[in-house]
There are 2 protein chains.
Amino acid sequence: MKVFVLGGDGFCGWPCAVNLAHRGHDVVIVDNLSRRKIDIDLGVESLTPIATIQERLRAWEQVDGRAMRFVHLDIAREYERLLELLRSERPEAIVHFAEQRAAPYSMKTSATKRYTVDNNVNGTHNLLAAIVESGVDVHIVHLGTMGVYGYGSHRGATIPEGYLTVEVPQPDGSRFTEQILHPTNPGSVYHMTKTLDQLLFFYYNKNDSIRITDLHQGIVWGTNTSLTEKDPRLTNRFDYDGDYGTVLNRFLMQAAIGYPLTVHGTGGQTRAFIHIRDSVRCVQLALEHPPTQGEKVKIFNQMTESHRVADLAEKVAALTGARVDRLPNPRNEAIENDLIVDNRCFLELGLQPTTLDDGLLTEVVDVARRWADRCDRSKIPCRSAWTSRQAEAIRTGA
Amino acid sequence: MKVFVLGGDGFCGWPCAVNLAHRGHDVVIVDNLSRRKIDIDLGVESLTPIATIQERLRAWEQVDGRAMRFVHLDIAREYERLLELLRSERPEAIVHFAEQRAAPYSMKTSATKRYTVDNNVNGTHNLLAAIVESGVDVHIVHLGTMGVYGYGSHRGATIPEGYLTVEVPQPDGSRFTEQILHPTNPGSVYHMTKTLDQLLFFYYNKNDSIRITDLHQGIVWGTNTSLTEKDPRLTNRFDYDGDYGTVLNRFLMQAAIGYPLTVHGTGGQTRAFIHIRDSVRCVQLALEHPPTQGEKVKIFNQMTESHRVADLAEKVAALTGARVDRLPNPRNEAIENDLIVDNRCFLELGLQPTTLDDGLLTEVVDVARRWADRCDRSKIPCRSAWTSRQAEAIRTGA
């Protein structure tokens, strides 16, 4: 199968691309390398040293024998080139990771809010419009987020996979039942863009019958897969900074370098998690089970377990002896929330979840220890604030 | 009250701006004049001859004595100037009409789809980000559309004003009740952008407490208000072409020039309508009743009556003796639909609806007859098609 991986140089995109290539698919990575450039702007680097995309591709061909191609293209800006690429290559599937993916970065300044909206909405919409214009019959697999559902009170209810069945009471006492897109409640400008993506998908699926699978992914932890471990030049990135680092990986890395674990607010926030190996496997499963012609957008919850942030900190502290620091919360969010998630779609397709207790926590600590000297400790604190009230709390430490 | 009217040179924006100025508000029109430029691209003109914005403002000052100001600014492109304008003027309210507003235009080509998404989403988001950055406490009144609810089957249910109360059944037989944003079902890329706006408003209201009223407006008919009639240089625009003309005004204008009334598909499509005078009055009522600090987004259904398209054609035919033509439907939409709409918010605020039977139908026919020689009949047919299947039907007349 010929597959485009948009954003195939990023944290999820790269291990996904090598996995698909290894399974014999003809992979074309399409990326504008924006993630590396944002690191330059922020003055940070992946904790793990990562090779250039060109080196990565050379190494991959040497290691695996199956070459991948790379097209340097900005899908949010270069519509005509994207259209031409679709027309000339006629891919059967497109995995779409090509979005600005960090909530704190999206809340940093007006400029990063605006970039996130402009880049993510136009990127996704260009892709949809180009597919219609090209007439290519292609299955889009899009990386969404669990955050579209929001982290408010779900009243102990289980979050279904994308669609919610509701009853609508009528004034005359009757009621009718309907299946609707689960109402959204994004917690940042970044998350908001993924709720916008949902509506773009809904419309283009309805009007143009584009086949789409939207993956509502939890927070990814871990760094390498068995394939990216095969050569140092294939190593995946590891973000630890306050903008792009995500909670569990940050705790493990903080423990590795003797930095107190940064719990923001009460730690009562409950989030969904998935290991990078499972993320890669889920994308593959989604590709292997495309929607049929005319089927509505498939939505899968791509997560394997839920945890309270404070519990994670405790677990990592117990494992490593690290100290826990309570810090002001830069986010405007519920103090605590429950989160019960239905993920049976992937389980039924054969996913074997990698859980926190499988020894992989230690593996991440080992990776972080190995590259500890590459860490810039000044980049660890979260400095993006959701509102001026939160910014003030960070400044004063209150 | 100091009020910005974004898009204040357009069909709804201009009569709204003069009404607010007449009521003593300090009005600043902000517009990039894109509507006039799109007419140039399409090779059409307003049926009524309209003065330049500069002439309009001179005439207004002579007629009414209350000057309005004009700032030539593209809110989707010139963020820094928008921010500076907010900081220096500190308006108390902003009426936001500054979006590409035609469904057929939005479906014309990939370029117009992409322009509509890029312009509308970035325009609205720039406004929200600039308000946060400026720290100005301002009430946004946004022109949305009834089309966010969609025109599928509502199963005889009444469409509430923005929020729907649903019951969510649980596996254990219990259920909980929740009020959600009414699920959206846009019928074109244009309508889709208004569903995206809704989510932008939801988020910025939640995170930054921006006070917002979203007006879900029906199809506007009529052309002038008592104020724009006061001087020929104040005349409002009248769109009759296949892209920007809307159904009732097109029927009236077609009748006036002896062109068969263009009913697309069965005519069983039911839509909501409002006269331009009521539209102007509703915006004023919304401005006079802002949400309180911390209140969620207010949503009003800005319409006064619903009609089937075929019934409208029959009514206009009866009034004028016009012939009705059945044409292929360029839209990918339900063959017919019901539409029962709750509009009690504006009625309770004192709106006295102007209905189709008030003699104003004849007034529109008179306006159209007066300017009949300005009509380019070749611009009347709808040529934008929703899909290639529809395009084929238009070509073959099938």
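Residues numbered from 1 in each chain as written. Chains lettered and ligands numbered in written order. Predicted model: local features only at pLDDT ≥ 70, side-chain atom pairs only at ≥ 80, totals over all residues. Heavy atoms only, no water.

Overview of the relation of the copies chain A and chain B
Next, step 1: Mapping chain A onto chain B calls for a rotation angle of 180° and an axial translation of 0.0 Å; the resulting RMSD is 0.0 Å. Accordingly, the operation relating the two chain copies is best matched by a two-fold axis. No C-alpha of chain A lies nearer the rotation axis than that of Glu 167 of chain A, which sits 2.5 Å from it.
Next, step 2: An overlap of 100% is found between the interface residues of chain A and their copies at the interface of chain B, pointing to a shared contact surface. (Least-squares fit on C-alpha atoms with pLDDT ≥ 70 in both. Contact = heavy atoms within 4.5 Å.)

Examining the interface of chain A and chain B
Next, step 1: Tallying the contact residues gives 51 residues for chain A and 51 residues for chain B.
Next, step 2: Both sides of the chain A and chain B interface together cover about 4200 Å² of buried area, and 57% of this is carbon and sulfur.
Next, step 3: Summed over the shared surface of chain A and chain B, the result is two salt bridges.
Next, step 4: For Arg 175 of chain A, the salt bridge identified is with Glu 167 of chain B, shortest N-O distance 2.6 Å.
Next, step 5: Counting across the chain A and chain B interface gives 19 residue pairs in polar contact (both at pLDDT 80 or more).
Next, step 6: When residues of the side of chain A that touches chain B are traced back to their parent elements, those giving at least two are helix 6 (110-134), strand 7 (163-169), strand 8 (175-181) and helix 7 (189-208) of chain A.
Next, step 7: The residue inventory of the side of chain A that touches chain B, partitioned by class, reads 24 nonpolar, 17 polar and ten charged. (Buried area = accessible area lost by both parts, 1.4 Å probe. Salt bridge = Lys/Arg side-chain N within 4 Å of Asp/Glu carboxyl O. Polar contact = N/O pair within 3.5 Å; in protein donor to acceptor, adjacent residues only side chain to side chain. Helix = DSSP H or I, 4+ residues; strand = E, 2+ residues; numbered from the N terminus. Nonpolar A, V, L, I, M, F, W, Y, C, P; charged D, E, K, R; others polar.)

Some words on the nonpolar core
Next, step 1: If you look at the biggest cluster of nonpolar residues, it comprises 98 residues, and the most contacted ones within it are Val 30 of chain A together with Val 30 of chain B.
Next, step 2: Contact partners of Val 30 of chain B, with chain neighbours within four places excluded, come to Phe 4, Val 5, Leu 6, Gly 7, Gly 8, Val 71, Leu 73, Ile 75 and Leu 85 of chain B. (Core = buried A, V, L, I, M, F, W, Y, C linked by side-chain atoms within 4.5 Å. Buried < 20%, exposed > 50% of the residue type's maximum accessible area, 1.4 Å probe, protein only.)

Observations concerning unusual backbone geometry
Residues and elements named next belong to chain B.
Next, step 1: Unusually for a residue other than glycine, Arg 90 sits at a positive phi of about 45°.
Next, step 2: Positive phi values are uncommon outside glycine, yet Ser 209 reaches one of about 55°.
Next, step 3: By the secondary structure assignment, Ser 209 is in the loop between helix 7 (189-208) and strand 9 (211-217).

Things to note about the packing of helix 6 (residues 110-134) of chain B against helix 7 of chain B
Residues and elements named next belong to chain B.
Next, step 1: It is at 9 Å that the axes of helix 6 and helix 7 come closest, and there the two elements cross at 15°. With respect to helix 7, the axis of helix 6 lies roughly parallel. In this structure, the crossing between helix 6 and helix 7 has a hand that is right-handed. Two secondary-structure elements touch here, helix 6 through Lys 113, Thr 116, Val 117, Asn 120, Val 121, Thr 124, His 125, Leu 128, Ala 129 and Val 132 and helix 7 through Val 189, Tyr 190, Met 192, Thr 193, Leu 196, Asp 197, Leu 200, Phe 201, Tyr 204 and Asp 208.
Next, step 2: Among the residues making up the contact of helix 6 with helix 7, the classes are represented as twelve nonpolar, five polar and three charged. (Axes fitted to C-alpha atoms, helices over the stretch in contact; angles between N-to-C directions. Parallel < 35°, antiparallel > 145°, perpendicular 65-115°, else oblique. Left-handed = near helix turned anticlockwise from the far one by under 90°.)

Section: the sheet that holds strand 12 (residues 270-275) of chain B
Residues and elements named next belong to chain B.
Next, step 1: On the basis of which strands lie adjacent, the open sheet formed by three strands has the order 10-12-14 and mixed pairing. Both outer strands of the open sheet, strand 10 (219-221) and strand 14 (305-308), are each paired with one neighbouring strand and no more. Pairwise comparison of adjacent strand axes, ignoring direction, gives a mean angle of 45° for this sheet.
Next, step 2: As paired elements, strand 10 and strand 12 share three bridges and run parallel to each other. When the bridges of strand 12 are listed, Ile 219 appears paired with Phe 273.
Next, step 3: Taken strand by strand, helix 10 (residues 309-320) contacts strand 12 and strand 14, and its axis lies near 85° from that of strand 14. (Pairing = 2+ DSSP bridges.)

Section: the pattern of salt bridges
All names here are of chain A.
Next, step 1: Under the criterion given, the structure shown has 54 salt bridges over all chains.
Next, step 2: One salt bridge connects Asp 9 with Arg 56, and the closest N-O pair in it is separated by 2.8 Å. Of this pair, Asp 9 sits in the loop between strand 1 (2-6) and helix 1 (13-22) while Arg 56 sits in helix 3 (residues 53-64), and the two are 47 residues apart along the sequence.
Next, step 3: In this structure Arg 56 comes out as buried when scored by relative accessible area, which is 0%.
Next, step 4: With a closest N to O distance of 3.0 Å, Arg 35 and Asp 39 form a salt bridge. Here Arg 35 and its partner Asp 39 are both found in helix 2 (residues 34-42), four residues apart, which amounts to about one turn of the helix. The exposure classification of Arg 35 matches that of Asp 39, with both residues buried.

Some thoughts on the sheet that holds strand 14 (residues 305-308) of chain A
Residue and element names in this part refer to chain A.
Next, step 1: Read across the sheet, three strands follow the order 10-12-14 without closing on themselves; strand pairing throughout is mixed. Lying at the two open borders of the sheet, with one neighbouring strand each, are strand 10 (219-221) and strand 14. Taking the axes of each pair of neighbouring strands and ignoring which way they run, one obtains an average angle of 45° across the sheet.
Next, step 2: Running at roughly 75° to strand 12 (residues 270-275), helix 9 (residues 276-288) makes contact with strand 10 and strand 12 of the sheet.

Topic: the packing of helix 6 of chain A against helix 6 of chain B
Next, step 1: Orientation of helix 6 of chain A relative to helix 6 of chain B, taken along the N-to-C sense of each, is 165°, at an axis distance of 10 Å. Overall, the two elements helix 6 of chain A and helix 6 of chain B adopt an arrangement that is roughly antiparallel. Considering the relative orientation of helix 6 of chain A and helix 6 of chain B, their crossing is right-handed. Contacts between helix 6 of chain A and helix 6 of chain B involve Ser 110, Lys 113, Arg 114, Val 117, Asp 118, Val 121, Asn 122, His 125, Asn 126, Ala 129, Val 132 and Glu 133 of chain A from the former and Ser 110, Lys 113, Arg 114, Val 117, Asp 118, Val 121, Asn 122, His 125, Asn 126, Ala 129, Val 132 and Glu 133 of chain B from the latter.
Next, step 2: Looking at the contact of helix 6 of chain A with helix 6 of chain B, its residues break down into eight nonpolar, eight polar and eight charged.

Some words on the confidence of the model for chain A
Next, step 1: For chain A, the mean per-residue pLDDT works out to 96, and 99% of the residues sit at or above 70.
Next, step 2: The ipTM, which scores confidence in the relative placement of chains, is 0.97 for this predicted complex, and the corresponding pTM is 0.98. (pLDDT = per-residue confidence, 0-100.)

Here's the deal with helix 4 (residues 79-89) of chain A
Next, step 1: If you check which residues of helix 4 of chain A are buried, you get Tyr 79, Leu 82, Leu 83, Leu 85, Leu 86 and Glu 89 of chain A. Within helix 4 of chain A, the buried residues cover an arc of 160° as seen down the axis, which keeps them to one side.
Next, step 2: Elements in contact with the buried residues of helix 4 of chain A: strand 1, strand 2 (26-31), strand 3 (69-72), strand 4 (93-96) and helix 6 of chain A together with helix 6 of chain B.
Next, step 3: Looking one or two residues beyond helix 4 of chain A, the residue adopting positive phi is Arg 90 of chain A, at roughly 45°. (Arc of directions from axis to C-beta.)

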